[in-house]
Amino acid sequence: MPPASKTAPSAAPRVAVLGAGSWGTALAAAASRRCPTLLWARQAAQAADMAAARENARYLPGVSLPASLEITADLDQALRHAAADGGDPLLILGVPVAGLETLCRELARRLPALGRDRWHVVWTCKGFEQETRRLPHEIARDALGALPSVAAGVLSGPSFAREVAQGLPVGLTVASTDSVLCETATAALHGGAVRVYAGSDVIGVEVGGAMKNIIAIACGVSDGLMLGTNARAALITRGLAEMTRFGVALGARADTFAGLTGLGDLVLSATGELSRNRRVGVEIGSGRKLADILASGVTAEGVRAARAALDRARALNVDMPITEAVCAVLFDGVAPMTAVSTLLARDARPESGDLRTPD
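Residues numbered from 1 in each chain as written. Predicted model: local features only at pLDDT ≥ 70, side-chain atom pairs only at ≥ 80, totals over all residues. Heavy atoms only, no water.

For the protein chain, an unreviewed UniProt entry supplies the name Glycerol-3-phosphate dehydrogenase [NAD(P)+] and the organism Bordetella genomosp. 9. According to its UniProt record, the protein chain has this under Subcellular location (unreviewed entry): "Cytoplasm". Under the Pathway (unreviewed entry) heading, UniProt states for the protein chain: "Membrane lipid metabolism; glycerophospholipid metabolism." (UniProt positions renumbered as here; feature names shortened; annotations may be inferred.)

K.L.:
Would you take a moment to explain unusual backbone geometry for this structure?
P.N.:
A negative phi angle characterises most non-glycine residues, just as the trans form characterises most peptide bonds. With phi around 65 degrees, Arg133 is a residue other than glycine that occupies positive phi space. Note that Arg133 resides in the loop between strand E5 (119-123) and helix H5 (136-144). A relative accessible area of 23% means that Arg133 is categorised as partly exposed. Phi at Met226 is positive, roughly 60 degrees, even though this residue is not glycine. Within the secondary structure, Met226 is located in the loop between helix H8 (202-224) and helix H9 (229-250). (Helix = DSSP H or I, 4+ residues; strand = E, 2+ residues; numbered from the N terminus. Buried < 20%, exposed > 50% of the residue type's maximum accessible area, 1.4 Å probe, protein only.)

K.L.:
What is the right way to look at the side chain of Ser269 in this model?
P.N.:
Checked against the element boundaries, Ser269 lands in helix H10 (residues 260-271). For Ser269, a relative accessible area of 3% gives the class buried. Excluding residues that lie within four positions of it along the chain, Ser269 makes contacts with Lys212, Asn213, Ala216, Ser275 and Arg278. (Contact = heavy atoms within 4.5 Å.)

K.L.:
Sorry, what's going on with the environment of Ser32 here?
P.N.:
Its location among the elements puts Ser32 in helix H1 (residues 22-32). Spatially, the C-alpha atom of Ser32 lies 33 Å from that of Ser296, the residues being 264 residues apart in sequence. The contact partners of Ser32, leaving out residues within four places of it in the chain, are Thr37, Pro66, Ser68 and Leu69.

K.L.:
Just checking my understanding: could you explain the layout of surface pockets for this structure?
P.N.:
Over the atoms rolls a probe the size of a water molecule, and in doing so it shows where empty space is left. Roughly 1500 Å³ of internal volume is contained in the largest pocket. Along the wall of the largest pocket there are 46 residues; nearest its centre are Gly21, Ser22, Trp23, Pro96 and Arg276. Counting residues per element, the ones that place at least two in the lining of the largest pocket are H1, helix H4 (97-110), helix H6 (161-165), H8, H10, helix H11 (276-285) and helix H13 (301-315). Of the residues belonging to the lining of the largest pocket, the class tally is 17 nonpolar, 17 polar and twelve charged. When we break the lining of the largest pocket down by domain, the ones giving at least three residues each are domain 1 (15-200) and domain 2 (210-345). For the second largest pocket, the calculated volume is near 660 Å³. (1 Å grid on protein atoms, 1.4 Å probe; cavity = no way out; pocket = protein on both sides within 12 Å on 5 of 7 lines; lining within 4 Å. Points joined across faces, edges and corners; volume = space filled by probe spheres on them. Nonpolar A, V, L, I, M, F, W, Y, C, P; charged D, E, K, R; others polar. Domains from an automatic or database assignment.)

K.L.:
Help me understand the packing of H13 against helix H14 (residues 321-331), please; the structure alone is not making it clear to me.
P.N.:
If you want to describe how two helices pack, look at the angle between their axes and the distance between the axes. Two elements in contact, H13 and H14, have axes whose closest approach is 9 Å; the angle formed by their N-to-C orientations is 130 degrees. In terms of axis orientation, H13 runs oblique to H14. As H13 packs across H14, the resulting crossing turns out to be left-handed. Contacts from Val303, Ala306, Arg307, Ala309, Leu310 and Arg314 of H13 reach H14 at Thr323, Glu324, Val326, Cys327, Leu330 and Phe331. Looking at the contact of H13 with H14 residue by residue, the class counts come to eight nonpolar, one polar and three charged. (Axes fitted to C-alpha atoms, helices over the stretch in contact; angles between N-to-C directions. Parallel < 35°, antiparallel > 145°, perpendicular 65-115°, else oblique. Left-handed = near helix turned anticlockwise from the far one by under 90°.)

K.L.:
What am I meant to see in the UniProt feature "binding site: NADPH" (unreviewed entry) in the protein chain here?
P.N.:
With numbering aligned to this structure, UniProt lists the feature "binding site: NADPH" (unreviewed entry) at Ser22, Trp23, Arg42, Tyr59, Lys126, Ala161, Arg276 and Glu301. Across 280 residues, the annotated set is spatially dispersed, with a maximum C-alpha separation of 23.5 Å. Taking the annotated residues in turn, Lys126 line the largest cavity. Secondary-structure assignment places Lys126 in the loop between E5 and H5.

K.L.:
It is not clear to me how empty space enclosed by the protein should be interpreted in this structure. Could you clarify?
P.N.:
Enumeration over the complete set of coordinates arrives at one cavity of 30 Å³ or more. When its volume is computed, the largest cavity comes out at roughly 40 Å³. Lining of the largest cavity is provided by Cys125, Lys126, Gly127, Pro136, Val154, Ser156, Val205, Glu206 and Gly209. Elements supplying a minimum of two residues to the lining of the largest cavity: strand E6 (150-156) and H8. A per-element tally of the lining of the largest cavity places H8 first, with three residues. Residue composition of the lining of the largest cavity, by class: four nonpolar, three polar and two charged.

Right, dumping it as C-alpha cells:
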C-alpha cells in the first residue's frame with residue numbers, strides 16, 4: 001500500500017470506530033474522552049440498544065459508555081463523521097481478522113467519494129486469516145492498495161477490553177511506517193489512563209499479537225494439568241523466544257518482542273483471568289474437548305491462529321515446538337500430557353543464539 005503524503009495533523013482527530021464488539025467499544029469509549037468519536041455497529045438493533053442504554057450489553061455488560069460517544073449503524077454516517085470539520089480523520093477498525101477484508105473493501109469503495117486527500121486507518125485484530133494465512137497488514141494491503149490517500153497501521157498491546165472501557169490504566173502501541181498516522185492515533189487515545197507508544201515494526205507487532213494467543217493456550221493447558229508456576233514461567237519464556245524467532249524470519253525486528261506487543265501481551269494473555277485463550281487451555285488441560293468448549297460460545301483467536309502460524313513457520317523452516325504441541329492437542333487428538341512429555345523430551349541446547357535457528 002503506497003504511503004499517504006506526510007503532512008502534519010491540522011486539528012484534533014475525528015474518530016470513527018468501525019465494529020462494536022468488546023474491543024471496538026472499549027476503544028471508542030477511550031477516544032470519546034478526548035476527541036469527537038462515533039462508534040459504528042453492523043446491526044441496527046444493537047446500535048439502537050447501545051445508544052438508549054449507554055451500555056454494550058452483549059459484549060461489555062455493566063460498563064457505562066461515555067455520554068459523548070455517538071453510536072450508529074450507518075457506515076456512511078460514520079465515515080462522514082470522521083471526515084467532517086477539516087480535522088484529521090482516524091478510522092479504527094475494531095473487527096476480527098475474519099471481517100477485516102470485507103470492511104477494507106467497503107472502505108476502498110466508499111472513501112473516494114468523501115473527497116478527503118488523507119485518511120488514517122488502524123486495525124486492532126490479532127491473528128492470521130485462516131484460509132490464506134495472511135497477517136492483518138497483508139489483508140489490508142491487498143484490499144486498500146488502490147487508495148494512495150490511506151495511511152495505515154496497527155494498534156495493539158496488552159489490553160483487556162473491559163478494563164479499558166472502565167477507564168483503568170493501559171499501555172498500547174501504534175505501529176506504522178507513516179509517522180503522521182502514529183501522531184494522529186496517539187493524539188486520539190493518549191492521555192489519562194491510556195498511554196500510547198509509537199513504532200514502525202508492523203510485522204513484529206502483528207506477530208506478537210497472533211503468537212501470544214497460541215502460547216497462552218499452552219500455558220492454560222499447563223495450568224489445567226496443574227503442572228505448577230515453574231512450568232508456566234518456562235512456557236512464557238520459551239514462547240517468547242519462539243515468537244521472536246518466527247517474527248524475525250518474517251521480517252520483524254527482534255527488539256519489538258521485548259515490548260508491549262510481545263512480552264507485555266504474552267504475559268497478560270498467559271496469566272490473566274480474563275484471557276479467553278488461557279481459559280480454553282485450562283479447560284482442555286482439565287479434560288474437556290475443544291469442540292465442547294467452542295460450542296459453549298467461547299471465542300479464542302489462538303485456536304484460529306495456531307495452524308496458520310505453524311504452516312507459515314514450516315514454510316520458513318522455523319522450528320516452533322510449543323505451537324506444534326498446541327496444534328497436536330487442538331486438532332490431532334494428542335493427549336495434553338503426551339504433548340507435554342514430547343516437549344520435555346527435546347534435546348538440551350543453548351538458550352541464546354541465532355533467532356533463526358531451531359530452539
